[in-house]
Amino acid sequence: MSTTPLAIAPTSVSAPSGRRPWCEYCHTDEHLVVESIGPLSPSQRDLVDVEYTCSECDGYYAHPAAVCQVAKILGDDGTAPSVLRFGHDYIHCGEPMQDAGRDIYRGLPDVTVPTRILRCRCGFRLAVPN
Ligand SMILES: [Zn+2]
Ligand SMILES: [Zn+2]
């Protein structure tokens, strides 16, 4: 076994790449349960740090993954494409979206639904139920 010398210039630090959440023991992603999601440090576009367990074999995994891949595991509810929902957090471009203020969304004439407006650094905005 030989060791490969690391020759990485300071300006081209290799970025972590996303890996599909997968249980290597069960060879499926069917039983995966997402435990936590957070931005990478430093943050990477469309990548998040995800921790998950497999409810079938109790396996535990943690690694960077693409937002869209994690959304599949979470059972994307179709709120919006490429938006990942985890608890009260919505993640876009690999970062939790920021609260951009509050607004009242008038869906029906006599029904007002309080909403939060979330904004991503890319300019994407999403209105979510408060
Ligand atoms: Zn498993
Ligand atoms: Zn975004």
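Structure first, text after, so check above.
On a predicted model such as this, the values are computed, not experimentally measured, just so you know.

Side note on the overall build of the chain
What the chain contains, in helices and strands, is 1 helix and 9 strands. Across the chain, helices and strands are ordered from the amino to the carboxyl terminus as β-β-β-α-β-β-β-β-β-β. Classification of the 130 residues of the chain by burial places 20% in the buried group. Sequence-distant contacts, at least 24 apart, represent 43% of the contacts inside the chain between residues at least 6 apart.

A few points about the sheet that holds strand S2 (residues 47–54)
Read from one edge of the open sheet, 3 strands run S1-S2-S3, paired in antiparallel fashion. Two strands bound the open sheet, and with one partner strand each, they are strand S1 (32–44) and strand S3 (60–66). With direction set aside, neighbouring strand axes in the sheet form an average angle of 25°. Here 7 bridges tie S2 to S3, and the two strands are oriented antiparallel to one another. Residue pairing in the sheet places Glu51 in a bridge with Ala62 of S3.

Concerning helix H1 (residues 67–74)
Among all positions of H1, only Val67, Val70 and Ala71 are buried. Take H1 and look down its axis: the buried residues cluster within an arc of 105°, on one side only. Of the surrounding elements, those touching the buried residues of H1 are S1, S2, S3, strand S4 (84–86) and strand S5 (89–92).

Focus on the sheet that holds S4
Spatial ordering of the open sheet is given by S4-S5-S6, a layout of 3 strands whose pairing is antiparallel. Each edge of the open sheet is held by one strand with a lone partner, namely S4 and strand S6 (95–96). Two strands pair when backbone bridges link them, and S4 and S5 are joined in this way by 3 bridges, in the antiparallel orientation. Note that in S5 the partner of Phe86 across the bridge is Asp89.

Regarding the environment of Ser17
Among the secondary structure elements, Ser17 is positioned in the segment before S1. Along the chain, Ser17 and Ala66 lie 49 residues apart, while their C-alpha atoms are 8.1 Å from each other.

Topic: the nonpolar core
Grouped together as the largest cluster of nonpolar side chains are 21 residues, with contacts concentrated most on Val48, Val67, Val70, Leu84 and Ile91. At the level of secondary structure, the elements contributing two or more residues to this core comprise S1, S2, S3, H1 and S5. Considering each element in turn, this core owes the most residues, 5 residues, to S2. Not counting residues within four places of it along the chain, the set of residues in contact with Val67 comprises Asp46, Val48, Ser82, Leu84, Ile91 and Gly94.

A word on the pairing of S2
One ladder, built from 8 bridges, connects S1 with S2; its direction is antiparallel. Its bridge partner lying in S2, Ile37 is registered against Val50. Once S2 ends, the chain turns through 5 residues before running back antiparallel as S3, passing Asp58 with a positive phi of about 65°.

Parameters and conventions
What you see as residue numbers is a count from 1 along each chain, following the sequence as written. Whichever chain is written first is A, and whichever ligand is written first is 1; the rest continue in order. Only residues with pLDDT of 70 or above have their local features reported here, since the model is predicted, and side-chain atom pairs are shown and tallied only from 80 upward, although totals for entire chains, interfaces and linings are computed over all residues. We count a stretch as a helix when DSSP gives it H or I for four or more residues in a row; a strand needs E for two or more, and each element gets its number in order from the N terminus. Any residue surrounded by 20 or more other C-beta atoms within 10 Å of its C-beta is treated as buried, while 12 or fewer makes it exposed and the intermediate range makes it partly exposed; C-beta atoms here are placed from the backbone. Two residues form a contact once the distance between their C-beta atoms, set from the backbone, is within 7 Å. Pairing between two strands is assigned when DSSP locates at least 2 bridges connecting them. Note on geometry: axes are C-alpha line fits, over the in-contact stretch for helices, and angles between N-to-C directions span 0 to 180 degrees. Throughout, the arc means the angular range of directions from the helix axis out to the C-beta atoms. Structurally, a nonpolar core is described as a collection of buried Ala, Val, Leu, Ile, Met, Phe, Trp, Tyr and Cys residues joined by way of C-beta atoms within 7 Å.

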